[in-house]
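Listed here are the chains, written in short residue letters.
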Amino acid sequence: NGPAMAGFWLVILSMIGDACDDDEHKTGQRREGALAAFISFLNKLAATVGAAVGGLAVSLSGFSADLPVQTERTLFWMKAVYIGIPTFSFAIVLL
């Protein structure tokens, strides 16, 4: 998933300037600050949702910090969630 994320950030960050120029062309106003604030907010929101989903996934998988080794069921569900959710999300984005 690393190369896909690197490609995403390379493309999305290079398009911000184009979006600002297009907005200025259409509206006659320069609003780079508002766009930067919106992008920053979305990044923080995504990080928060990702952390919450990760914590929920660990809880629902049956993980127990008291066990020296996790059960096979727990490991199965952790793998299923940590592979399934990103794969599903990436598939939706491609549509």
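What you are looking at is a predicted structure, and each value in this text was computed from that prediction instead of being measured.

Here we come to the confidence of the model for the chain. Low pLDDT marks stretches whose predicted atomic positions should not be read closely. For the chain, mean pLDDT is 89; residues scoring 70 or higher make up 99% of the total. Considering each helix and strand of the chain separately, the mean pLDDT is smallest for helix H1 (residues 2–27), with a value of 87, and largest for helix H2 (residues 32–61), with 90.

So, on to the packing of H2 against helix H3 (residues 72–94). Between H2 and H3, whose axes approach to 8 Å, the crossing angle comes to 155 degrees. It follows that H2 is roughly antiparallel to H3 by the angle criterion. Our pair here, H2 against H3, has a crossing hand that is right-handed. Across the interface between the two elements, Val53, Gly54, Ala57, Val58 and Ser61 of H2 pack against Arg73, Thr74, Trp77, Met78, Val81, Tyr82 and Ile85 of H3. Of the residues contributing to the contact of H2 with H3, the split by class is eight nonpolar, three polar and one charged.

Take the side chain of Gln70 next. Locating Gln70 in the fold gives a position in the loop between H2 and H3. Once residues lying within four places of it in the same chain are set aside, the contact partners of Gln70 are Gly62, Phe63, Ser64 and Leu75.

As a further point, take the packing of aromatic side chains. If you walk through the whole model with that rule in mind, you get two aromatic pairs. Centre to centre, the rings of Phe8 and Trp9 are 5.0 Å apart; their planes meet at 75 degrees, and the pair counts as edge-to-face. An angle of 80 degrees between the planes, with centres 5.2 Å apart, marks the rings of Phe76 and Trp77 as edge-to-face. For Trp77, a relative accessible area of 40% gives the class partly exposed.

Tallied over the full model, the rule gives four salt bridges. Ionic pairing is found between Arg31 and Asp23, a salt bridge with its closest N-O pair at 2.6 Å. Overall, Asp23 belongs to the partly exposed group, its relative accessible area being 22%. The residue Arg30 makes a salt bridge to Glu24 at a minimum N-O spacing of 2.8 Å. Assessed through its relative accessible area of 27%, Glu24 is described here as partly exposed. Each member of the salt-bridge network shares a partner with another, and the members are Glu24, Arg30 and Glu32.

Along the chain, the position of Ala80 falls in helix H3. When the C-alpha positions of Ala80 and Phe8 are compared, they lie 24 Å apart, and in sequence the two are 72 residues distant.

Conventions we followed
- Positions within a chain are numbered from 1, following the residues in the order the chain's sequence is written.
- Local features in this predicted model are restricted to residues of pLDDT 70 or higher, and side-chain atom pairs are both shown and tallied only at a pLDDT of 80 or more, whereas totals for entire chains, interfaces and linings draw on every residue.
- Computation of side-chain values: all heavy atoms of the structure, hydrogens and water removed.
- One number per residue, pLDDT, summarises how confident the predictor is, and it ranges from 0 to 100.
- Labels follow the DSSP assignment, with helices taken as runs of H or I lasting at least four residues and strands as runs of E lasting at least two, numbered in each case from the N terminus.
- Orientation is described by lines fitted to C-alpha atoms, with helices fitted over the stretch in contact, and by angles between N-to-C directions that extend from 0 to 180 degrees.
- For classification purposes, an angle smaller than 35 degrees is called roughly parallel, one larger than 145 roughly antiparallel, one from 65 to 115 roughly perpendicular, and anything else oblique.
- By convention, the crossing between two helices is left-handed when the near helix turns anticlockwise from the far helix through less than a right angle, and right-handed when the turn is clockwise.
- Only heavy atoms matter for contacts: two residues are in contact if any of them lie within 4.5 Å across the pair.
- Residue polarity follows a fixed list, in which Ala, Val, Leu, Ile, Met, Phe, Trp, Tyr, Cys and Pro are nonpolar, Asp, Glu, Lys and Arg are charged, and the others, Gly among them, are polar.
- Pairing of aromatic rings covers Phe, Tyr and Trp, the last counted by its six-membered ring, and requires centre-to-centre distances within 6.5 Å; plane angles under 30 degrees mean stacked, over 60 mean edge-to-face, and any other angle means tilted.
- Partly exposed residues are those whose accessible area sits between 20% and 50% of the maximum for their type, while under 20% is buried and over 50% is exposed, using a 1.4 Å probe and protein chains only.
- Put simply, a salt bridge is a Lys or Arg side-chain nitrogen that is within 4 Å of an Asp or Glu carboxyl oxygen.

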